[in-house]
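# Residue-level structural notes
Spelled out from the first residue to the last, the chains are:
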Amino acid sequence: MIVLAIDTAGTGCYAALYHSDENRILGAAGADIGRGHAERLMDFVDAALDAADMTLQEIDRIAVTVGPGSFTGIRVGVAAARGLALALGVPAVGVSTLVALAADRGAGTPLLVAMDAKRDEVYWQAFAADGDALSPPSIASVEEARHLAAGHDGAIAGSAAALLRDGVEQGADSVSIATVARLGARLDPADHLPKPLYLRGPDAKPQAGFAIRRA
C-alpha cells in the first residue's frame, strides 16, 4: 500500500510517500516554515511525488496529523487530505500528534507525552511501556498536569516536559513524517476519520482532567 502522509499540525509542513509492504519512505519533502501552510503544502506534496517518481493516482491512502497543535495548520492539512481522498477515491485517516510523538520515542518505558498548549495549559496523554494508550488525549492546567506527572512512573516527552517535572529538559513537538506514514498505514479508516482533534472547549477553558489508567 502506498500512503501519502501529511503533517501540518506544528510549525513544519511535510509530505511523504510511504510503501507499507516494504516499510520505507519513497520520497519526502518539507520544511519548518512557521506559517504559510496553505500556500506551501501542495508544493511539498508535488516535491515528494517527484522524489518518489510517482503520481497522485498511485496513492492508496492518505494519512494526516489532526492535532493537537496549530489550529490553522491542522485545518489546512485535514482539508487537503479530505479533498485529495475524495478526488482520488481513496480512504484518509487522521493521526494524533500525541500518538506520533509517543511512537517517535519508542516503546520500552511508560511515557507521558505533554505538549505546551500555552495559556498555562498542557495537552497530554499517557502510554504504557508497550505503546498502548493509558488515557485519552486531554488538556489540563499546568498545575493539574504536574500533579499527574508526579504520579507517573516513567518518562516525559514533549515541549511541556520541563514544566511538569524538575530536572527534565524541554522536549520538542515535531513528529517524524515517516512515523505519521507508518501509523497511518496501520489505522482503520472507519475508526480514525481525518477530523481536527481540538481539545479546548468553545469557551477556551481547560476540560475536565482524566486519570491515568494503569497498564
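A brief report on the enclosed structure follows.

Conventions and cut-offs
Residues numbered from 1 in each chain as written. Predicted model: local features only at pLDDT ≥ 70, side-chain atom pairs only at ≥ 80, totals over all residues. Heavy atoms only, no water. Helix = DSSP H or I, 4+ residues; strand = E, 2+ residues; numbered from the N terminus. Buried < 20%, exposed > 50% of the residue type's maximum accessible area, 1.4 Å probe, protein only. Contact = heavy atoms within 4.5 Å. Pairing = 2+ DSSP bridges. Axes fitted to C-alpha atoms, helices over the stretch in contact; angles between N-to-C directions. Patch = residues over 30% accessible without salt bridge, like charges linked within 9 Å, V, L, I, M, F, W, Y side chains within 5 Å. Areas by Shrake-Rupley, 256 points an atom, 1.4 Å probe, with all protein chains shown as cover. Salt bridge = Lys/Arg side-chain N within 4 Å of Asp/Glu carboxyl O. Lys, Arg positive; Asp, Glu negative; His and termini not counted. Charge placed at Lys NZ, Arg CZ, Asp CG, Glu CD.

## Focus: the overall build of the chain
Within the chain, the regular secondary structure consists of six helices and nine strands. Its C-alpha atoms give the chain principal-axis dimensions of roughly 50 × 35 × 30 Å. Buried residues in the chain amount to 47% of all 215 residues. Across the chain, the fraction of contacts at a sequence separation of at least 24, relative to all contacts at a separation of at least 6, is 61%.

## Comments concerning the sheet that holds strand β3 (residues 24-32)
The strand order across the open sheet formed by five strands is β3-β2-β1-β4-β5, and the pairing between neighbours is mixed. The open sheet terminates on both sides in strands that have one partner only, identified here as β3 and β5 (92-96). Strand-to-strand twist of the sheet, defined as the mean angle between neighbouring strand axes without regard to direction, takes the value 20°. Pairing of strand β2 (residues 12-19) with β3, which is carried by eight bridges, proceeds in the antiparallel orientation. Across the sheet, residue H19 finds its bridge partner in β3, namely R24. Lying on the sheet, helix α2 (residues 71-88) is in contact with β1 (2-7), β4 (61-67) and β5; it crosses β4 at an angle near 160°. Seen against the sheet, helix α3 (residues 97-105) touches β4 and β5 and runs at an angle of roughly 70° to β5.

## Section: a negative patch on the surface
Side chains of D43, D46, D50, D53 and E58 sit close together on the surface and give a patch of like negative charge. Counting through the fold element by element, D53 comes out in the loop between α1 (37-52) and β4.

## Description of the sheet that holds strand β6 (residues 111-118)
Strands belonging to one sheet form pairs held by backbone hydrogen bonds; the direction of such a pair is parallel or antiparallel. Taking strand neighbours across the sheet as the criterion, the four strands line up as β8-β7-β6-β9 in an open arrangement whose pairing is mixed. Edge strands, defined here as strands with exactly one partner in the open sheet, are β8 (138-141) and β9 (155-157). This sheet shows a mean twist of 35° between the axes of neighbouring strands, independent of strand direction. Judged from the three bridges that link them, β6 and β9 form a sheet pairing that is parallel. Residue pairing across strands places L112 opposite I156, the latter belonging to β9. Sitting on the sheet, α3 touches β6, β7 (121-127) and β9, and the angle it makes with β6 is about 135°.

Any link to function would need more than the numbers given here.
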